[in-house]
Amino acid sequence: MKIKNISSFSLFCFFLLFTLRQITLATPMLYAQTVGTATWIVTIFVGILIGIIVYLLIKLYRSFYGQTLFDISYYIGGKIFYKINSFIYFIVFLSITAIFLKEIAEAIKLLLFNTTPLLYIELFYVVAMLIGSFIGLEGIIRASGYLTPICFVILITILLLSTPFYNTGNLFPILGNGVKDIAIGSITLLSSYLGVLIIMFTIPHIDNIKIAKKSVISYLIFAFISVLFTVVALNLVFGFPYTENNLFSFYELANMTNINKFFQHSEAIYLFSILVLGIAFLVSLFYFTTYCFSSLVLAPSKVDMLRKENNNYVPLTRSKFISNVFLILLTLFLCNLPTNIFETFMYKEYINYYIVLPFVFAYPIILLIIANIKNHFIRRSK
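Let me begin by describing the structure that accompanies this report. (Residues numbered from 1 in each chain as written. Predicted model: local features only at pLDDT ≥ 70, side-chain atom pairs only at ≥ 80, totals over all residues. Heavy atoms only, no water.)

A closer look at the nonpolar core
Part 1: F14, Y89, L197, F201 and Y270 are the most contacted members of the largest nonpolar core, which has 129 residues in total.
Part 2: Top contributing element to this core by residue count: helix 4 (residues 69-111), with 20 residues.
Part 3: In contact with F201, other than residues within four places in its own chain, are L69, F70, Y89, F93, F288, Y291 and C292. (Core = buried A, V, L, I, M, F, W, Y, C linked by side-chain atoms within 4.5 Å. Buried < 20%, exposed > 50% of the residue type's maximum accessible area, 1.4 Å probe, protein only. Helix = DSSP H or I, 4+ residues; strand = E, 2+ residues; numbered from the N terminus. Contact = heavy atoms within 4.5 Å.)

Some details on a nonpolar patch on the surface
Part 1: Together, F333, L337, M346, Y347, Y350, Y353 and Y354 line one region of the surface with nonpolar side chains, adding up to about 730 Å² of accessible area.
Part 2: Broken down by element, the nonpolar patch gets its largest block of residues, five residues, from helix 14 (residues 341-361).
Part 3: Tracing the backbone through its elements, the reader meets F333 in helix 13 (residues 318-335).
Part 4: Residue F333 is classed as exposed on the basis of its relative accessible area, which comes to 53%. (Patch = residues over 30% accessible without salt bridge, like charges linked within 9 Å, V, L, I, M, F, W, Y side chains within 5 Å. Areas by Shrake-Rupley, 256 points an atom, 1.4 Å probe, with all protein chains shown as cover. Salt bridge = Lys/Arg side-chain N within 4 Å of Asp/Glu carboxyl O.)

Observations regarding the packing of helix 4 against helix 15 (residues 363-381)
Part 1: Running from amino to carboxyl end, helix 4 crosses helix 15 at an angle of 165 degrees, the nearest separation of the two axes being 12 Å. If you check the angle between helix 4 and helix 15, you find them roughly antiparallel. Of the two possible hands of crossing, helix 4 and helix 15 adopt the one that is right-handed. Of the residues in helix 15, those in contact with L69, I72, S73, Y75, I76, F81, N85, I88 and Y89 of helix 4 are Y363, P364, L367, L368, I370, A371, K374, N375 and I378.
Part 2: Considering only residue class, the contact of helix 4 with helix 15 consists of 14 nonpolar, three polar and one charged. (Axes fitted to C-alpha atoms, helices over the stretch in contact; angles between N-to-C directions. Parallel < 35°, antiparallel > 145°, perpendicular 65-115°, else oblique. Left-handed = near helix turned anticlockwise from the far one by under 90°. Nonpolar A, V, L, I, M, F, W, Y, C, P; charged D, E, K, R; others polar.)

Some points on the packing of aromatic side chains
Part 1: The tally for this structure, following the rule as stated, stands at 26 aromatic pairs.
Part 2: A centroid spacing of 5.6 Å and a plane angle of 25 degrees characterise the contact between F93 and F288, whose relative ring orientation is stacked. Here F93 is found in helix 4, whereas its partner F288 is found in helix 11 (residues 267-297), with 195 residues between them in sequence. There is no split in this pair, since F93 and F288 are both buried.
Part 3: One aromatic cluster is present, built from ring pairs that chain together F70, Y74, Y82, Y89, F93, F201, Y287, F288, Y291, F359 and Y363.
Part 4: Note that R21 overlies the ring of F281, its terminal NZ or CZ placed 5.3 Å from the centroid.
Part 5: Here K374 stacks its cationic end above the ring of Y75, 4.9 Å away from the centre of that ring. (Phe/Tyr/Trp six-rings, centres within 6.5 Å; stacked < 30°, edge-to-face > 60°. Lys NZ or Arg CZ within 6 Å of the ring centre and 35° of its normal.)

Re the side chain of K102
Part 1: With respect to the element layout, K102 can be found in helix 4.
Part 2: In contact with K102, not counting residues within four places along its chain, are L118, E122, C335, N336, P338 and T344.

And the structure:
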């Protein structure tokens, strides 16, 4: 059955946590590397592009509400096309989960546990991912309703406390690296809105379409504000090219601020938000990885039956446990292919360009256009 007793706030928080997790580490550096001092301009353009993409998705999806991308694939090309798209999105989620596991583990090691073997930190997260994969989608969404607001308040508080260090001169030259880089960057930086991928895989499970629409609109607004506020604040404080080469500029910003004389190290609450967002982020990604894997290896009718059960919980069967452990081991193997944090971000850049951009922001629109054309001709023939 579909998720019925869920609030629009919890659903909105679930979407927002993906953007919050991204802006706390590498995304501000990626913006600075792409456009220099024009981060605020490109953030506005990226926000507009995301709004257009989501609007198109909503319009095209209107005739297929309640159906997943895999259901739509089956409608277009039958079982073979269903399996092809299951494989595509299994690779999408698996690669994103692996690279973000590596990124988060590397960050935690550098900031907190310098002498701890990286594998121990990765195992801490994969255990959480394995346990979380059996909570079910509804449980993950409800947990996000509690965790995301706490982390959002922490991050916004740090940004507000940094206002005494703002230097408007750091925003010049306004056009940064030039108009060409702004135009190209507006497309390549779409990956900072990874929540769009989660929207496409979550909305079919939500019974109330009004709650779904309200949550998506709220996510777009708050995600845009969060990204804009973060990249502009970091640019105002540190300036370019410092932000271009500093992965932990948000951490350093937290280290500069203090709430009062009794709490002078606000980087501690920043690290808390990194830990919490990292767990929620990876649990959610791994849940959808297991869902895509089930769609790949099982018959469509069996997947549909499991989907109706798994919104509330995932039955802890031996076969399910074995398949999830296999996926955990595969994720661990892939995440350890990069040997250091610089290689991690090189792999992440490849994933953004060749996996996230085409299969999150372009391919679903093409699928929905084809499905709507087929639907139109079927109606006309009747």
